[in-house]
Amino acid sequence: MKANEKKDTILKMLKENSDRYISGEELSEMFNVSRTAIWKNINDLRKMGYEIDSVTNRGYKLMSSPGILNAGETKTYIDDNALIGKELIVFETIDSTNNYLKANAEKYPTGTVVSAREQTGGKGRLGRVWQSKKDDTISFSVLLRPEISPMEVSAITPLCGLAVAKALNEYFDFGAKIKWPNDVIIGNKKLVGILTEMNCEFDKVDFIVVGIGINILNKDFPEEISKKATSCALESDKEIDKNKLLALILKHIENILLKGNYSFNEENLKEYKDYCATLGRDIIFTRKGEKVSGKATDIDNNGELVVTLEDGTTETVFSGEVTV
Ligand code: BTN
């Protein structure tokens, strides 16, 4: 077990038993390390902001958490049989969780989740920057190795958008919607962005990395996006437990992706349409560099947007930006 994993597992143990003291002896036997090593890890956790009481002859008890993302804490909320998040890493800081997983994909099984309290080079779609200041967002990437062809990959991003929107509404009850294809929005403001990257051979997907960034505690956005972005804290007064929320989001992603075998089906397409704020709206999309206007009238079985043009003909929009 690596040093960080040990700390995470000790924290998970303390969290799961936060109604009692666990003796140093019990912990050292459990992890097969000396009591001094346990004591060192406890002190490291205290430095991270965990309040851990220690009483001679009784042991250690977790009194409070600092509210930061931590793999050990998140894991206490993840089902033992879960695939997504079974392997979970939380970095304190990293350039981009997508970049990390792409560079290290061969080391990890499908379903691995890599998150970070801060990204110094967070990437958005279309070459944009994704801001993830320390502890403001929940930013994470999921590694997937589905047995599908590269042609079938396009459903994964909107389905993840649906899963995140459902999880956020379950937690906050604030009516988040989806702007086609996969931004999660409240009103006209963006709350969540998703960047999916794929490594494939001619007819076979090697791996997919779905990168999800959720604005959680952000209060001030850079000038250029301040009118277009929002965060959970700006939309709800509810106290936010990032670890619980991340686990809930992973559960919804697993439910939707695995149940639908990474594709749209009758059930999830209906849900997606119910969530899609773009449907029924007048929109502008780009066709070969030219701006075209029409009304978004449907989503087809592949998650593509069906647009009815002013002359009554319909056109299918595969990807890209639509302006409402
Ligand atoms: C967008 O432009 O809407 C997509 C934003 C995607 C951001 C996430 S945060 C986790 C992952 N790592 C990255 O560098 N980007 C994605």
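If you look the protein chain up in an unreviewed UniProt entry, it shows as Bifunctional ligase/repressor BirA from Ruminococcus bovis. As its UniProt record puts it under Function (unreviewed entry), the protein chain is described as follows: "Acts both as a biotin--[acetyl-CoA-carboxylase] ligase and a repressor." Within the UniProt record for the protein chain, the comment given under Sequence similarities (unreviewed entry) is "Belongs to the biotin--protein ligase family."

**Some thoughts on the sheet that holds strand β12 (residues 305–309)**
Overall, antiparallel pairing links the 5 strands, which are arranged β13-β12-β11-β10-β14 in an open sheet. Taken across any chain shown, the strands that pair with only one partner, and hence form the sheet edges, are β13 (314–317) and β14 (322–323). Here 2 bridges tie strand β10 (residues 282–287) to β14, and the two strands are oriented antiparallel to one another. Note that in β14 the partner of Phe-285 across the bridge is Val-322.

**Concerning the sheet that holds strand β7 (residues 183–186)**
Pairing is mixed across the open sheet formed by 7 strands, whose spatial order is β3-β4-β5-β9-β8-β7-β6. Strands at the two margins of the open sheet, each flanked by one partner only, are β3 (88–94) and β6 (177–179). On average, each strand axis in the sheet is inclined to that of its neighbour by 20°, with strand direction left out of account. Bridge count between β6 and β7: 3 bridges; the pairing is antiparallel. For Lys-179, the partnering residue across the bridge sits in β7 and is Asp-183. Against the sheet, helix α6 (residues 156–172) touches β6, β7, β8 (189–200) and β9 (205–215), its axis set at about 35° to β9.

**Side note on the environment of Val-33**
With respect to the helices, strands and loops of the structure, Val-33 is situated in the loop between α2 (24–31) and α3 (35–47). Aside from chain neighbours lying at most four places away, what touches Val-33 is Ser-28 and Ile-38.

**Re the UniProt feature "domain: BPL/LPL catalytic" (unreviewed entry) in the protein chain**
UniProt's feature table lists "domain: BPL/LPL catalytic" (unreviewed entry) at residues 72–261, given in the numbering used throughout. Summarising residues 72–261: 27% helix, 27% strand, and an end-to-end C-alpha distance of 29 Å.

**Some points on the nonpolar core**
By size, the foremost hydrophobic cluster in this structure holds 64 residues, and its most contacted members are Cys-160, Val-164, Val-184, Val-210 and Ile-253. Considering each element in turn, this core owes the most residues, 9 residues, to α6. The two domains that each donate at least three residues to this core are domain 2 (71–275) and domain 3 (282–323). Those residues in contact with Val-210 that sit more than four places away from it in its chain are Ser-141, Val-142, Leu-144, Ile-156, Thr-157, Cys-160, Ile-194 and Thr-196. Core analysis: the second largest hydrophobic core is formed by 11 residues, Leu-11, Ile-22, Ile-42 and Leu-45 among them.

**A look at the environment of Gly-85**
Assignment of secondary structure puts Gly-85 in the loop between α4 (71–75) and β3. Sequence spacing of Gly-85 and Lys-251 is 166 residues, and the spatial spacing of their C-alpha atoms is 8.6 Å. Once residues lying within four places of it in the same chain are set aside, the contact partners of Gly-85 are Ile-78, Gly-111, Val-113, Ala-247 and Leu-250.

**Regarding the UniProt feature "binding site: biotin" (unreviewed entry) in the protein chain**
Here the UniProt-annotated "binding site: biotin" (unreviewed entry) positions come out as Ser-96, Thr-97, Asn-98, Gln-119 and Lys-190. Here Asn-98 shows up in helix α5 (residues 97–104). With sequence-adjacent residues up to four places away left out, Asn-98 is seen in contact with Lys-123, Ser-141, Leu-195, Glu-197, Val-209 and Gly-211. Here Lys-190 falls in the partly exposed class, since 19 other C-beta atoms lie within 10 Å of it. Not counting chain neighbours up to four residues away, the residues in contact with Lys-190 comprise Asp-183, Ile-185, Lys-228 and Ala-229.

**Topic: the site of the ligand**
With respect to spatial proximity, 20 residues lie near the ligand, and among them Ser-96, Gly-124, Gly-193, Gly-211 and Gly-213 are the closest. Looking at the shell around the ligand, the elements with two or more residues in it are α5, β5 (137–144), β8 and β9. A breakdown of the residues in the shell around the ligand according to their chemical character gives 5 nonpolar, 11 polar and 4 charged.

**Here we look at the packing of α2 against α3**
The interhelical angle for the contact between α2 and α3, taken along N-to-C directions, is 100°, at an axis separation of 9 Å. With respect to α3, the axis of α2 lies roughly perpendicular. Facing Gly-24, Glu-25, Leu-27 and Ser-28 of α2, the residues of α3 in contact are Arg-35, Ile-38 and Trp-39.

**Let's talk about helix α8 (residues 242–259)**
With 18 residues, α8 should reach 26 Å at 1.5 Å per residue; the first-to-last C-alpha distance of 25 Å fits that figure. For α8, the complete set of buried residues consists of Lys-242, Asn-243, Leu-245, Leu-246, Ala-247, Ile-249, Leu-250, Lys-251, Ile-253, Glu-254, Ile-256 and Leu-257. In this fold, the buried residues of α8 make contact with α4, β4 (113–119), β5, α6 and α9 (266–275). A positive backbone phi angle near 45° is found at Asn-261, which sits one or two residues after α8.

The rules we used
- Residues numbered from 1 in each chain as written.
- Predicted model: local features only at pLDDT ≥ 70, side-chain atom pairs only at ≥ 80, totals over all residues.
- UniProt positions renumbered as here; feature names shortened; annotations may be inferred.
- Pairing = 2+ DSSP bridges.
- Helix = DSSP H or I, 4+ residues; strand = E, 2+ residues; numbered from the N terminus.
- Axes fitted to C-alpha atoms, helices over the stretch in contact; angles between N-to-C directions.
- Contact = placed C-beta atoms within 7 Å.
- Core = buried A, V, L, I, M, F, W, Y, C linked by C-beta atoms within 7 Å.
- Buried ≥ 20, exposed ≤ 12 C-beta atoms within 10 Å, placed from the backbone.
- Domains from an automatic or database assignment.
- Near = placed C-beta within 6 Å.
- Nonpolar A, V, L, I, M, F, W, Y, C, P; charged D, E, K, R; others polar.
- Parallel < 35°, antiparallel > 145°, perpendicular 65-115°, else oblique.
- Expected span 1.5 Å × (residues − 1).

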